[in-house]
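Structural overview
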Amino acid sequence: MKYISTRGNAPELGFEDVLLTGLASDGGLYVPKQLPHYPLHEIRSWRELPYHELAFKVVQPFVAGAIPDDVLKVMLQETYQGFAHTAVAPLTQLDHNEYVLELFQGPTLAFKDFALQLFGRLLDYVLEKRGERVVIMGATSGDTGSAAIEGCKRCQNVDIFILHPHNRVSEVQRRQMSTVISDNIFNIAVEGNFDDCQQMVKQSFGDQSFLKDERRLVAVNSINWARIMAQIVYYFYASLNLGGPDRKVAFSVPTGNFGDIFAGYLARQMGLPIEQLVIATNQNDILHRFMSQNLYKKEPLSHTLSPSMDIVVSSNFERLLFDLHDRDGASIKALMEKMSHEDVSIEVDRMAKAREIFDSFAVDDDLTCQTIKQVYQETGYLLDPHTAIGVKAAREVRRTFAVPMVTLGTAHPVKFSDAIERAGLQAPELPGHMSDLFRREERLFVLGNNLQEVQNFMAEKVFR
Ligand SMILES: *Cc1c(COP(=O)(O)O)cnc(C)c1O
């Protein structure tokens, strides 16, 4: 499989290089040159497969040429064995034709484990083969950091630096990162906000000279194609468990950076009958405003009870825009340049194409808490605030009750007890494997909001 940049002016890469790259050199994002497409009878033949075998069917074409089949099979089996539920991604029914797909059974209790547990294994294999050592650098408002650390902690050939805003992530989230103690893991608490952290990561990727040309930086955020790829699998899994592909399914996806929902779009492009994809956002609703008004307009960041969706711009949206513009890199390059300094609309017929598939809805904090409470009263089931946004959005904009509506359950409620308590409910207990989290030793480096200081620290640790 070959990968091309959405801005049309970077070299084509194979999977190995896409895995080890962040942004393309032209500032675009890598996407498969050609997506596999499956006829219904083939998808139907996957119905009986357990999760890791279905994952092999879906993932294999994307890594062909880089990861041998037998290696991939073992990797996928090991990855999903580590999940707490034997179904890996179990479905829970809330109401008539209304479901939650529980994607929080992995080690850090959020859906990012699906991709990052596999990512660590892929990275380890590729680096071992190449005899290379790399540096992972990422910024986190909570979930990405812990999932990346858990996913990559066993990698022999990486040093991991995760930046988070000091005192601005929840204690569970901080401890999920800081209690993983290893010589190659560095949690940096920056005396600034999440944007500051993200800015430092961006600048470091842009100019990596602080690593003396001896190491390269690898991205773990959802601009990395390997993450999107792993997330396609559970759309197939949910559909096949609900009568697909002979019955359509709809999905509602709590989204920030448009990574998770883009994976759903890809599943549909690959032949899975999906009736509707609901873009569910919090107050940071740039995607909802774009879909409803055809205006891409940045607004200041709001801090919400669903912090993993607190974004100003939505980086993976570029991948959808690329398809909506008939995969013309030059148009995307022009569009993205325009977007960086003014508000943007797209042609009406392109927007119409998007609206055939996508609907959207924005849910504020009050409505999020009301939904958590309402669903708990109706069913006894406790939603985390991100998932609650998905459920609420689905209830508002679903097109038909004849098709099952599946909301992606992106996190376990224990990670976001603030919202649960504000909904007037009792926060749940930590699951068994984490019950001693508050007693574990922590390792954390507090640094100033200063790029130089952070880069000096990293160089010192990398060349220790
Ligand atoms: C990361 C995250 C999201 C948003 O995912 P995107 O890929 O940015 O759309 C939603 N919910 C939770 C709990 C997350 O951790």
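Throughout, a residue's number is its position along its own chain's written sequence, starting from 1. It should be noted that, the model being predicted, local features are given only for residues of pLDDT at least 70 and side-chain atom pairs only at 80 or more, the latter also being counted only at that level, while totals for whole chains, interfaces and linings use all residues. Here the side-chain values reflect all heavy atoms present in the structure, with hydrogen atoms and water set aside.

Overview of the state of the cysteines
Cysteine sulfur atoms are paired as a disulfide whenever they come within 2.5 Å of each other. Evaluation of the coordinates by the stated rule reveals 0 disulfides. Note on Cys155: no disulfide assigned, nearest cysteine sulfur contributed by Cys152 at a separation of 4.7 Å. Cysteine Cys197 remains unbridged, with the sulfur of Cys152 as its closest cysteine sulfur at 19 Å.

Examining unusual backbone geometry
With omega at 5°, the peptide bond leading from Gly244 into Pro245 counts as cis. What counts as a helix is a DSSP run of H or I of at least four residues, what counts as a strand is a run of E of at least two, and both are numbered from the N terminus. Here Pro245 is to be found in the loop between helix 9 (225-241) and strand 9 (249-254). Residues other than glycine seldom take positive phi values, yet Leu109 does so here, at roughly 65°. Summarising the element assignment, Leu109 is placed in the loop between strand 4 (98-102) and helix 5 (112-130). The buried label applies to any residue whose accessible area, calculated with a 1.4 Å probe on protein chains only, is under 20% of its type's maximum; exposed applies above 50%, and partly exposed to all values in between. According to the relative accessible area criterion, Leu109 is buried, its value standing at 3%. Despite not being glycine, Asn167 shows a phi value in the positive range, around 65°.

Focus on the layout of surface pockets
Approximately 460 Å³ is the volume found for the second largest pocket. Contributing elements (two or more residues each) for the lining of the second largest pocket: helix 7 (171-178) and helix 17 (417-422). Looking at which element gives the most residues to the lining of the second largest pocket, the answer is helix 17, with 3 residues. Among the residues making up the lining of the second largest pocket, the classes are represented as 13 nonpolar, 7 polar and 4 charged. Cavity: a set of points on a 1 Å grid over the protein atoms alone where a 1.4 Å probe fits but cannot get out. Pocket: an open set with protein on both sides within 12 Å along at least five of seven lines, its lining residues, like those of a cavity, having an atom within 4 Å of a point. Grid points are joined across faces, edges and corners, and a volume is the space filled by probe spheres set on the points. Residues are grouped as follows: Ala, Val, Leu, Ile, Met, Phe, Trp, Tyr, Cys and Pro are nonpolar; Asp, Glu, Lys and Arg are charged; all remaining types, including Gly, are polar.

Points about the pattern of salt bridges
Put simply, a salt bridge is a Lys or Arg side-chain nitrogen that is within 4 Å of an Asp or Glu carboxyl oxygen. Counting across every chain of the model gives 34 salt bridges. The salt bridge partner of Arg130 is Glu132, with a shortest N-O separation of 3.2 Å. Taking the relative accessible area as the measure of exposure, Arg130 reaches 29% and is therefore partly exposed. On the basis of relative accessibility, which here comes to 23%, the residue Glu132 falls in the partly exposed class. Two residues, Glu347 and Arg350, come together in a salt bridge whose shortest N-O distance is 3.3 Å. Given a relative accessible area of 42%, Glu347 falls into the partly exposed group. The buried category is assigned to Arg350, whose relative accessible area is 18%. One network of salt bridges, in which partners are shared, links Glu16, Asp17, Lys129, Arg130, Glu132 and Arg216.

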